[in-house]
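Geometric and topological summary
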Amino acid sequence: MVLRGHVESFAARKEKHQLTDAVDLGLRIVPVSNIVGSVNRWQDFDAKFRIRNRTTYQRYRRIKQAVERGEILPPVQLYKVKDKYYVVDGNHRVAVAKEVGQVYMDAFVTEFLPPGNTKKHLLWRERSLFQRQTGLHEIELTELGSYDKLLDQIRDFQAEESERLGIALTLQNAASSWI
């Protein structure tokens, strides 16, 4: 079998988007299908995250056996760029997850953002902040300031629902009910 290409390089993505700022998002549940690259080991895996470097195959096999036994593995560490993720630590765990068809995995995530020097970058930053505040990831707006307006609507809904229910709803709980 011939393996073609390799996973994406975080360094190439960072340079392409001129990423300057990093935000620690903490522990998250991440779609495995959105993990597309690696920070330091991108040349060790093909484009489907299969091992190209056979010297580490034993490690991969041990991890796969642990998964097949139902063992819970520690979270991986990822960098996020828009909706794509790059492995800092846990490349073999990600490779196994992709092979066995795992849909989600736990990860400690750091998001990288571009400078706020263009409308496109400012909108990217606004969307990222909105996602962190509300937990809503499916909403994509195209005008600057739109996320702030939407956030105001969700906060109004939060206040109304908190009063109606007689409990203080968090912004994220209100946002999930608002949808």
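The following refers to the structure shown.

So, how was this worked out
Residues numbered from 1 in each chain as written. Predicted model: local features only at pLDDT ≥ 70, side-chain atom pairs only at ≥ 80, totals over all residues. Heavy atoms only, no water. Helix = DSSP H or I, 4+ residues; strand = E, 2+ residues; numbered from the N terminus. Buried < 20%, exposed > 50% of the residue type's maximum accessible area, 1.4 Å probe, protein only. Areas by Shrake-Rupley, 256 points an atom, 1.4 Å probe, with all protein chains shown as cover. Patch = residues over 30% accessible without salt bridge, like charges linked within 9 Å, V, L, I, M, F, W, Y side chains within 5 Å. Salt bridge = Lys/Arg side-chain N within 4 Å of Asp/Glu carboxyl O. Lys, Arg positive; Asp, Glu negative; His and termini not counted. Charge placed at Lys NZ, Arg CZ, Asp CG, Glu CD. Contact = heavy atoms within 4.5 Å. Arc of directions from axis to C-beta. Polar contact = N/O pair within 3.5 Å; in protein donor to acceptor, adjacent residues only side chain to side chain. Axes fitted to C-alpha atoms, helices over the stretch in contact; angles between N-to-C directions. Parallel < 35°, antiparallel > 145°, perpendicular 65-115°, else oblique. Nonpolar A, V, L, I, M, F, W, Y, C, P; charged D, E, K, R; others polar.

**Concerning the overall build of the chain**
- Counting secondary structure elements, the chain contains 6 helices and 6 strands.
- Listed N to C, the secondary structure of the chain is β-α-β-β-α-β-β-α-β-α-α-α in terms of helices and strands.
- Overall size of the chain, expressed as C-alpha extent along the three principal axes, is 60 × 40 × 25 Å.
- When burial is assessed residue by residue, the chain has 39% of its 179 residues classed as buried.
- Total accessible area computed for the chain in this model is approximately 10600 Å², and 49% of it derives from carbon and sulfur atoms.

**Concerning a negative patch on the surface**
- On the surface, D148, D152, D156, E160 and E163 cluster together into a patch of negative charge.
- Within the element layout of this structure, D156 appears in helix α5 (residues 146–165).
- According to the relative accessible area criterion, D156 is partly exposed, its value standing at 49%.

**Section: helix α3 (residues 91–100)**
- Across the 10 residues of α3, 7 count as buried, placing the element largely inside the fold.
- Buried positions along α3 lie against β3 (35–38), α2 (57–68), β4 (76–81), β5 (84–89) and β6 (104–113).
- Looking one or two residues beyond α3, the residue adopting positive phi is G101, at roughly 80 degrees.

**Examining helix α1 (residues 10–17)**
- Looking at α1, one finds that the buried residues are F10, R13 and H17. The arc that holds the buried residues of α1, viewed along the axis, is 65 degrees, so those residues lie on one side. Among the exposed residues of α1, those pointing more than 90 degrees away from its buried face are E15 and K16.
- In this structure, the buried residues of α1 make contact with β1 (8–9), β3, β4, β5, β6 and α4 (119–134).
- At the N-terminal end of α1, a side-chain oxygen is found 3.3 Å from the backbone nitrogen of A11, two or three residues along, and the residue is S9.
- Within two residues after α1, Q18 carries a phi angle of roughly 55 degrees, on the positive side.

**Comments concerning the packing of α5 against helix α6 (residues 171–178)**
- For the pair α5 and α6, interaxial distance at closest approach is 9 Å and the crossing angle is 100 degrees. Relative to α6, the element α5 is oriented roughly perpendicular. Each of L150, L151, Q153, I154, R155, F157 and Q158 in α5 lies in contact with α6, whose residues at this interface are L171, A174, A175, S177 and W178.
- Looking at the contact of α5 with α6 residue by residue, the classes come out as 8 nonpolar, 3 polar and 1 charged.

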